[in-house]
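# Observations on chain architecture
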Amino acid sequence: MSPPPDLRAHLLAARLAGVVGTSREDSLRSYRLFAARDPRLLIGIDPEWPWEQPDLLALMAEKCGVSADHRHTAGPDVIDPERTLAALDAFAERIGEVARRGAPVLFGTGHPQRLLGFYAGLADALSAAGCEVLTPAQGRCVDILTRFGLRTYRVDYLRGVALVREPEAERPGGEPGVHSHSPLPVRVVLGAAAECGGPLPELVVGDHGWLCGAGQLGFEAIGPADTDDPAPFVGEAEGSVSVVVPVDDGVRSEHYLPLTRYVLKRACLSQ
């Protein structure tokens, strides 16, 4: 079954694909830092292959549809919507399979301001289908090195989705959590699940460090990634990450809800 034309149109109109908000300069800088094995760009992936910047550019052209021309160094980046739609279908297949097995699943995001609703809709549907949506390590503290120095955050869950917050009490009207690329939270969460005797997730759904960190530890992991985050696509190429959906991860949160609806329909989980 082909994706509906209105979803493709939505991807382009919301700039989830097509010309996106991520700049070519940011993407090329990320590829350069990943090639230098900067942990800020590895976000949990331990590459097996010797990825240099030209290799990463070729990979991202294949996976996302960015320009493969190294002379193209400025302006907005692009994502091929056909690649996004194909990856959404593969993503939905994995969601459907875990739903049919009633298997435990873990959701986590480093982009709570943008992607929380996308994951929460999936978590609700999988829970209704009989899957246990795991919430281990609630309240655990994690020390994460940021550009402002070492900061302590607290693992929390909103609508079944793991994220990290500032350690102080939640402020009314405050953000749902902090933006993070670190793989440390998912390591803490999976370690806590193992310590208490499980269950362990059969599927981890997330982004940034949640996606890469879980995949590197041997858990099946799927999720979205932007053109300036090469690590998930490297993980997919090397086999540690199962499915990566190329999409701009910085648009308004409501623009991701049609993707949730499409995935649930493809996975036969529509309410």
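Everything numeric here is computed off the predicted structure, so don't read it as measured data.

### Here we look at the overall build of the protein chain
Helix and strand counts for the protein chain come out as ten helices and nine strands. Over its C-alpha trace the protein chain gives a radius of gyration of 18 Å, about what one expects of a compact globule, namely 18 Å for 271 residues. Based on the C-alpha atoms only, the size of the protein chain along its principal axes is roughly 50 × 45 × 40 Å. For the protein chain, contacts bridging at least 24 residues in sequence account for 66% of all contacts bridging at least 6.

### Quick notes on the side chain of R24
Examined against the element boundaries, R24 turns out to sit in helix α2 (residues 24–35). On the basis of relative accessibility, which here comes to 0%, the residue R24 falls in the buried class. A distance of 2.6 Å separates the side chain of R24 from the backbone oxygen of H72, its partner in a polar contact.

### Looking at the environment of L264
Inspection of the secondary structure assignment puts L264 in helix α10 (residues 257–266). For the pair L264 and L122, spaced 142 residues apart in sequence, the C-alpha separation works out to 7.1 Å.

### Some remarks on α10
For α10, the set of buried residues is P258, L259, T260, Y262, V263 and L264. Tucked inside the fold, the buried residues of α10 contact α1 (5–13), α5 (81–101) and α6 (112–128). Residue C268 follows α10 closely and has a positive phi angle near 60°.

### Remarks on α2
With twelve residues, α2 should reach 16 Å at 1.5 Å per residue; the first-to-last C-alpha distance of 17 Å fits that figure. Among the residues of α2, those classed as buried are R24, S27, L28, S30, Y31, L33, F34 and A35. Buried residues along α2 sit against β1 (18–23), α3 (39–42), α4 (53–63), β2 (76–79) and α9 (230–238). Once α2 finishes, R37 follows within two positions and takes phi at roughly 60°, a positive value.

Parameters at a glance
Residues numbered from 1 in each chain as written. Predicted model: local features only at pLDDT ≥ 70, side-chain atom pairs only at ≥ 80, totals over all residues. Heavy atoms only, no water. Helix = DSSP H or I, 4+ residues; strand = E, 2+ residues; numbered from the N terminus. Rg over C-alpha atoms; globule rule 2.2 N^0.38 Å. Contact = heavy atoms within 4.5 Å. Buried < 20%, exposed > 50% of the residue type's maximum accessible area, 1.4 Å probe, protein only. Polar contact = N/O pair within 3.5 Å; in protein donor to acceptor, adjacent residues only side chain to side chain. Expected span 1.5 Å × (residues − 1).

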